[in-house]
Each structure stands twice: as structure tokens, then as C-alpha cells.
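Report on the structure
Chain by chain, the residues run as shown.
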Amino acid sequence: AVRFANGRLERPESLRFTVYRNRDSAHPRKRHRRILVSETERLCYVGHNFGSQVMKCNSLCRYFVGVLDRSSGQMDVYNAEMFNMQPLLSGGGAGSASCWAALSLPSLPCSLAGSKDKSFTAACQDGGAQAGGHLEFKALLEAVSGGAAGLVLPGVLQSALCPVQMDLCIEAFGTSKQKRALSSRRMNAVGSDVVSTAVTQAAANVIDAKGVTGLMQDVAQDAVQNISAFLPPCHEDAERPEHVYRFEDILSAAEYEALRVPAAALASITTEEMARRAEERSLCSFVLEELKFLPTDEKSRDHKARCLWFLDTLVKFSQQKVIKKKHPMGPECPHIISKKLMKNFTSLTYNNGSIQNLISASMKAKITAYVIALALHINNFQTDLTVLQNDLKLSESRILDIAKALRLRVSKAKGVPGLENDQSHKLGTLSLPLPTQKAPEGQRKRKKMS
């Protein structure tokens, strides 16, 4: 049983059909594959029962064909399949030939013989003369070009379409929209050989002017500048480690003064209060560990408490995704600090008709860089990266990449007081002279799951 995708036949009994079956009769799937070909005076149509474009109705239900013997009055019933017949355009033909001549095919078996799949042989042929003449060409053009009919030709037919013939068809029979698109495409078309020649010549001129070494240095410098956009200002000519990432670049004088009130609770924290905070997990691990070693000197104690309070705020701020509140860190956070967080560590995004502050992956990397820089000032320019990694909920490779971008030397925690029993911890040390900054090597290859 067949149906035609692009029209209705006036005299279906006059069609001539040919069935091709797969030669591999032993294969459990291939032996059932069939290609049905219908030839008319002007066009050939092809349908098949396999592939991605096959009709799903064949798998959902069964079809039968009844043949009535009029003399005996008995009917024989046979199994049947539904084939969706699509028009086939030949890939050959002269470009100057008429569109009608380009579409007319003398025989489909020759076209199939030239296709990729040559494993089909003719099974039977049932005669007829010709098809009815009212298959409108406009419907055919829409079927082939994926127009209003929205049809897609099978994979075995797609290689047979000729762009030149399609352009000629659109010029003669296409809609106004198709003709405008064709005209625009031709006006904007540039020969690929011209573009290739121009690019090759331009590349050769640049290489001759700068040399390969100079170009590689430019690429590395661009990559370094892209990384530096998310890092604290780095003073490479500094003579002391504390001047490489200056404290005033992390906290201005006004911001530092605003931390005096909220940090007072940390400066006067007791052992019992510290145990309660650890049980409630209201402070990050890095801050809890550093509170055990607060200086006895009042000025130094107050300074460290302010730094720890701001570091804890940065860690908590990094765990958020979309900032919806006016005071994301609560009313106890000074206004100048809230403004700093929103301005420097969020990116604006448009969603559902409103502008929102979003903490993207790049902003979280920036927060991490500032957390590490502040931790270096707290810990005499050597800090435990593993503790910060756990607080910030990052992978080890991610925080190590950021630490290396900050020009830190990464080592294991062996021999550091308090960490002798944990060899997996990584330490980041800021020392002079700074190591040479390298551009990132690209994304690491993921391990294949076995």
C-alpha cells in the first residue's frame, strides 16, 4: 500500500512499480528491508520501510490487502506494508537545461545503482503506462525544498539533489520569499577560493612581520590579561610579599573601618561560643581554625578579626546563585560592604522581564581569588588551599588553577604544624621572585568511564 507525499494521482492503476529487496537474506533485520520505486513520465518516486524517516504506522499496527475473485466470490487476504512515496531528483543534468528536463528521470534503478547502498536487487515489476498529469510542480518544489509541506527526503535521496537545479526551480516556480532569499544568498556569496587565498596571504604577512615567536608571545599575553581581569591587582615589581597583593586593593580604608562593629564579636569570642559556632556551622572552617590563634595584642586581634569576618562573608556570598534581596548578607552586614559585594562580585543578567544579579562561574572564581589573597595576608603569606577549597565547595583542580594564576607556589602540607597527619593538604605560598605566569593549557580531558 502506498501514498504519495506531494499530490493525488488521477489514474493510479497506470503506475509502474518496482520492488528492491536486500541481498542479505540471512540477516534477521536486513532481509525484511524493501525499497519501492514508482516511475512516471516525468518523475520517479521512492519509498522504503527502514531508516529514520520510515513511517511509524507500520510498527504500531498491521495492514492487510484483500483480493476478491469475482467469479467465485472468495477473497484472499495478504499482509501489507504502507510506503510513503517521495519524489526523487537526479543529481546529474546540465545546469543550462530547463527545470522540467532536469527533473525528468528516465529510470530510477540507475540512480539507485549510483547511490551508497548497492545491496538491493529488483524483485518484481508490475506494468502500467503513465501517471496522471495533475501532480502540481509547486507542491513538488515545497516537498523537495522543505517548504510548506515540511517534508524531509530520506538519506538515500539527499545526495541526489543538485543545488543548481534547485536554484533554477526556485527562479521559475518559487514563491516571492524563496526568490528573495535566493537573490540575497547570491549577492552575499563569495568564492571560497578567494577567501582562502586572502586569509593565507594575510597570515603570511603577519608571520613575516612579527615572526612565530612574537605571535606566540602575543597569544600568551592576551590569555594572561583575560585571567587577570578576575584577580586582585598584582604588583610584580614589589620588593616584599605583602606588597604584591596590597591589602588596600582588597579592602579600602572606608570598608575596613565599617568592619569594626560586626568583627567585634569575633575579636571577643570565647571557647564555648566557638564550639557552638562550629556545631551550628555558622562560620567556615578556615575562620574557626584561625580564631583559635587570635593574637593577644588588642590592635592585631582586632585587625585579624576584621579580616576573618570579611573572608567568612565572601565564602557565604559565593554559595548563592541569584541575588534577590536588597541585603543578601543580612542587616548586620554594613551597607558599604553589601554594595562592594554586589558591584564587584556579581554580573547583571536579564530574566523574566527584570534585571538580576547573578554569581556566575567567573564571578565565583573572582571571589575565590580574593579569598586566597586575603588568607595570605592573614597567614603570613602561606595558606592551606585544601581548607579553602572545602569551604568554597570547589574541586581541587579548580582552586589550584586559581592559586597558580595568583603566582603562588603549591606544595604538600608535609611538615607544617598541625597538619602532619594529613598529607593530602595543599599549601599555597607567595614568595619572591614570583614564578613566571603561564597561559592555561586548556580543558583537561575527562577520564572515560569503564
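Structural notes, computed from the coordinates. Computed from a predicted model, the values in this text were never measured in an experiment.

Concerning the sheet that holds strand β11 (residues 354–358)
- Here three strands make up an open sheet; going across it, the order is β9-β11-β10 and the pairing antiparallel. Sheet topology places β9 (322–323) and β10 (347–351) at the edges, where each strand pairs with a single neighbour.
- In this sheet, β11 lies alongside β10 in antiparallel orientation, the contact comprising five bridges. By the bridge assignment, Asn351 is partnered in β11 with Ser354.

Remarks on the environment of Glu290
- By secondary structure assignment, the location of Glu290 is in helix α13 (residues 285–291).
- Take Glu290: its relative accessible area is 9%, and that puts it in the buried class.
- Distance in space between the C-alpha atoms of Glu290 and Lys304 is 8.9 Å, their sequence separation being 14 residues.
- With residues up to four places along the chain from it excluded, the contact list for Glu290 reads Lys304, Leu308, Ile378 and Asn379.

Here we look at the pattern of salt bridges
- Taken as a whole and assessed by the stated rule, the structure comprises twelve salt bridges.
- Put simply, Glu257 and Arg260 hold a salt bridge, and the shortest N to O gap is 3.3 Å.
- Each of Glu273, Arg276, Arg277 and Glu280 takes part in a single network of salt bridges with overlapping partners.

Let's talk about the sheet that holds strand β14 (residues 426–429)
- Spatially, the three strands line up as an open sheet ordered β12-β14-β13, and their pairing is antiparallel. Bordering the open sheet on either side are β12 (382–384) and β13 (409–412), each of which pairs with just one other strand. Direction aside, neighbouring strands of the sheet carry axes that sit 25° apart on average.
- Here three bridges tie β12 to β14, and the two strands are oriented antiparallel to one another. Bridged to Asp384 within β14 is Leu427.
- The sheet contacts of helix α17 (residues 385–392) involve β12, β13 and β14, and relative to β12 the element is tilted by about 50°.

Examining helix α16 (residues 361–378)
- In a regular helix each residue adds 1.5 Å, so 18 residues correspond to 26 Å; α16 covers 26 Å between its end C-alpha atoms and thus fits that length.
- Note on α16: the residue one or two positions beyond its end, Asn380, has a positive phi of about 60°.

Some thoughts on the pairing of strand β4 (residues 44–48)
- When you tally the buried positions in β4, you get five out of five residues, the bulk of the element.
- Taking every second residue as pointing to the same face, both faces of β4 are buried, with Cys44, Val46 and His48 on one and Tyr45 and Gly47 on the other.
- Here strand β3 (residues 34–39) runs beside β4; their pairing, made up of five bridges, is antiparallel. In the sheet register, Glu39 faces β4, and the bridge partner there is Cys44.
- Relative to strand β7 (residues 83–88), β4 is paired through three bridges, and the arrangement is antiparallel. Paired with Val46 across the strands is Gln86, a residue of β7.

So, the packing of aromatic side chains
- As enumerated under the stated definition, the model contains two aromatic pairs in all.
- Taking the centre distance of 5.8 Å and the plane angle of 80° together, the rings of Phe247 and Tyr256 count as edge-to-face.
- Using a relative accessible area of 15% as the deciding quantity, one classes Phe247 as buried.
- An angle of 85° between the planes, with centres 5.3 Å apart, marks the rings of Phe345 and Tyr370 as edge-to-face. With Phe345 in the loop between α15 (335–344) and β10 and Tyr370 in helix α16, this pair connects stretches of sequence that are 25 residues apart. Assigned by exposure class, Phe345 and Tyr370 land together as buried.
- Here Lys366 stacks its cationic end above the ring of Phe345, 5.7 Å away from the centre of that ring.

Quick notes on unusual backbone geometry
- With an omega of 0°, the peptide bond between Leu432 and Pro433 qualifies as cis.
- Within the secondary structure, Pro433 is located in the segment after β14.
- At Arg281, a residue that is not glycine, the phi angle is positive and equals roughly 55°.
- By the secondary structure assignment, Arg281 is in the loop between α12 (271–280) and α13.
- Look at Arg281 and you get exposed, because its relative accessible area is 73%.
- Phi angles above zero are rare outside glycine, and Lys393 is one such case at about 60°.
- Structurally, the position occupied by Lys393 is in the loop between α17 and α18 (396–405).

A few points about a nonpolar patch on the surface
- Where nonpolar side chains cluster on the molecular surface, the patch consists of Phe64, Leu68, Met75 and Val77 and spans about 420 Å² of accessible area.
- Elements supplying a minimum of two residues to the nonpolar patch: β5 (63–69) and β6 (74–80).
- Of note, Val77 is situated in strand β6.

Some thoughts on the nonpolar core
- Formed by 64 residues in total, the largest nonpolar core has its most connected members in Phe286, Leu291, Leu311, Phe317 and Ile372.
- Put simply, the parts of the chain that give this core at least two residues each are α9 (247–250), α11 (260–267), α13, α14 (298–318), α15, α16, α17 and α18.
- Considering each element in turn, this core owes the most residues, twelve residues, to α16.
- Residue contacts for Leu291: discarding those within four places in its chain leaves Leu266, Ile269, Met274, Leu283 and Leu308.
- The next biggest cluster of nonpolar side chains, apart from the first, holds eight residues, and it includes Phe4, Leu9, Leu15 and Leu43.

Details of α18
- Among the residues of α18, Ile399, Leu400, Ile402, Ala403 and Ala405 are the ones counted as buried.
- A positive phi of about 70° marks Arg407, the residue just after α18.

Some words on the packing of α16 against α17
- Between α16 and α17, whose axes approach to 11 Å, the crossing angle comes to 140°. It follows that α16 is oblique to α17 by the angle criterion. Crossing of α16 against α17: the hand is right-handed. Here Lys364, Thr368, Val371, Ile372 and Ala375 of α16 lie close against α17, whose contacting residues are Leu385, Leu388 and Leu392.
- Residue composition of the contact of α16 with α17, by class: six nonpolar, one polar and one charged.

Criteria and cut-off values
Residues numbered from 1 in each chain as written. Predicted model: local features only at pLDDT ≥ 70, side-chain atom pairs only at ≥ 80, totals over all residues. Heavy atoms only, no water. Pairing = 2+ DSSP bridges. Helix = DSSP H or I, 4+ residues; strand = E, 2+ residues; numbered from the N terminus. Buried < 20%, exposed > 50% of the residue type's maximum accessible area, 1.4 Å probe, protein only. Contact = heavy atoms within 4.5 Å. Salt bridge = Lys/Arg side-chain N within 4 Å of Asp/Glu carboxyl O. Axes fitted to C-alpha atoms, helices over the stretch in contact; angles between N-to-C directions. Expected span 1.5 Å × (residues − 1). Phe/Tyr/Trp six-rings, centres within 6.5 Å; stacked < 30°, edge-to-face > 60°. Lys NZ or Arg CZ within 6 Å of the ring centre and 35° of its normal. Patch = residues over 30% accessible without salt bridge, like charges linked within 9 Å, V, L, I, M, F, W, Y side chains within 5 Å. Areas by Shrake-Rupley, 256 points an atom, 1.4 Å probe, with all protein chains shown as cover. Core = buried A, V, L, I, M, F, W, Y, C linked by side-chain atoms within 4.5 Å. Parallel < 35°, antiparallel > 145°, perpendicular 65-115°, else oblique. Left-handed = near helix turned anticlockwise from the far one by under 90°. Nonpolar A, V, L, I, M, F, W, Y, C, P; charged D, E, K, R; others polar.

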